[in-house]
Amino acid sequence: MDRTSRMTALLGRFRRERNGAVADAMGYRGRRYGLNYGVSLPTVRALARAEGRDHGFARYLFLQDVRELRLAALWIADPERIEAGEFAFWAAGIVNSELAEECAFALLARAPRGEAWCRTWSEAQEEMLQYAALVGAARIPSADFREWLPRLHALLTAQPDSALLARGGVALLAASLASGAVPPGELARRIASLPEGGAARHIADELSWRMAL
């Protein structure tokens, strides 16, 4: 079966799972999809995994402006095959926070070069890629969290009121705390030194109870 026929068959399976009410109620930041069937993420992931790993097919799906196809592509892609030269290809499709989060879970956190990938996106100009980088780094067990704390500081210096970077910062700092890489006392000092703004306040509020446990 060629890629177009295979995509059409997969789209038919998504169409059978569509939920217009869910699609209308979805909350995410960034650009809307050209077509959105409102299929739940667990169902998207299950149908994608049934396709198996096929990196070329995943890239083909990721070029489509259909929510379910683009999300499925992230789970059909092979993280082992993603080289630095591909980072830009995936970056071009991260147009909203849902895709940023799913890319972080499905690819950035699983790729052998995942932390390098996260570093590259953290240095991009696009807030959505920076957000994906923070969420991805938070899910990499071997991440060097002491390196990521200054990166977070730099991002919030440039965008002190970013709600997305605040969410990514909470994920990153919670992971650093859970890993034991940064003691609670030091983490509290790091949070207190973040650039003043809405993002730092949100991070402090979200992390305070975790450090108190």
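Located above this text is the structure these notes cover.
Residues numbered from 1 in each chain as written. Predicted model: local features only at pLDDT ≥ 70, side-chain atom pairs only at ≥ 80, totals over all residues. Heavy atoms only, no water.

Visitor: So what exactly am I meant to see when it comes to the overall build of the protein chain here?
Guide: Counting its regular elements, the protein chain contains 13 helices and zero strands. Counting from the amino terminus, the protein chain carries its helices and strands in the arrangement α-α-α-α-α-α-α-α-α-α-α-α-α. The globule rule puts the C-alpha radius of gyration for 213 residues at 17 Å, and the 18 Å found for the protein chain is close to it. Split into buried and exposed, the 213 residues of the protein chain put 51% on the buried side. Within the protein chain, contacts between residues at least 6 apart in sequence are counted, and of these 73% link residues at least 24 apart. In the form shown here, the protein chain has an accessible surface area of approximately 9800 Å², with 51% of it arising from carbon and sulfur atoms. Of the charged side chains in the protein chain, 27 are positive and 25 negative; the average position of the first set lies 4 Å away from that of the second. (Helix = DSSP H or I, 4+ residues; strand = E, 2+ residues; numbered from the N terminus. Rg over C-alpha atoms; globule rule 2.2 N^0.38 Å. Buried < 20%, exposed > 50% of the residue type's maximum accessible area, 1.4 Å probe, protein only. Contact = heavy atoms within 4.5 Å. Areas by Shrake-Rupley, 256 points an atom, 1.4 Å probe, with all protein chains shown as cover. Lys, Arg positive; Asp, Glu negative; His and termini not counted. Charge placed at Lys NZ, Arg CZ, Asp CG, Glu CD.)

Visitor: Would you mind showing me how to read the pattern of salt bridges here?
Guide: Where charged atoms from two side chains of opposite charge approach closely, those side chains can pair. Per the stated rule, a full pass over the model turns up 16 salt bridges. With its nearest N and O atoms 2.4 Å apart, the salt bridge here joins E101 to R167. Of this pair, E101 sits in helix α7 (residues 97-108) while R167 is found in helix α11 (residues 163-179), placing the two residues 66 residues apart along the sequence. Members of the salt-bridge network, linked through shared partners, are E115, R119, E123, E147 and R151. (Salt bridge = Lys/Arg side-chain N within 4 Å of Asp/Glu carboxyl O.)

Visitor: Just to check I follow, could you spell out helix α1 (residues 3-16) for this structure?
Guide: One turn of an α-helix holds 3.6 residues; hence residues three or four places apart share an orientation. Over its 14 residues, α1 runs 20 Å from end to end, which matches the ideal 20 Å to within 8%, given 1.5 Å per residue. Among the residues of α1, those classed as buried are R6, M7, L10, L11, G12 and F14. Those residues of α1 hidden inside the fold are in contact with α3 (41-51), α4 (55-62) and α5 (67-76). Among the residues of α1, the N-terminal cap falls to D2, whose side-chain oxygen and the backbone nitrogen of T4 are separated by 3.2 Å. (Expected span 1.5 Å × (residues − 1). Polar contact = N/O pair within 3.5 Å; in protein donor to acceptor, adjacent residues only side chain to side chain.)

Visitor: Looking at this structure, how should I read the packing of α7 against helix α8 (residues 114-122)?
Guide: When two helices pack together, their arrangement is given by the angle between the helix axes and by the axis-to-axis distance. The interhelical angle for the contact between α7 and α8, taken along N-to-C directions, is 150°, at an axis separation of 10 Å. Considering the angle they form, α7 stands roughly antiparallel to α8. Contacts between α7 and α8 pair C103, L107 and L108 from the former with G114, W117, C118 and W121 from the latter. (Axes fitted to C-alpha atoms, helices over the stretch in contact; angles between N-to-C directions. Parallel < 35°, antiparallel > 145°, perpendicular 65-115°, else oblique.)

Visitor: Is there a simple way to explain the environment of C103 in this structure?
Guide: The topology assignment puts C103 in helix α7. Through-space distance from the C-alpha of C103 to that of L173 is 19 Å; in sequence the pair is 70 residues apart.

Visitor: I keep staring at the state of the cysteines and nothing clicks. Help me out?
Guide: Working definition of a disulfide: a covalent bond connecting the sulfur atoms of two cysteines. The final tally for this structure, using the stated rule, is zero disulfides. For the unlinked cysteine C118, the closest cysteine sulfur is that of C103, found at 8.8 Å. Given a relative accessible area of 0%, C118 falls into the buried group. (Disulfide = S-S within 2.5 Å.)

Visitor: What is the right way to read the side chain of E68 from this model?
Guide: Here E68 lies in helix α5. Overall, E68 belongs to the buried group, its relative accessible area being 0%. Beyond its immediate stretch of four places on either side in the chain, E68 contacts F14, L35, N36, Y37, G38, V39 and V44.

Note that every value here comes from positions in space, so none of it alone points to a role or purpose.
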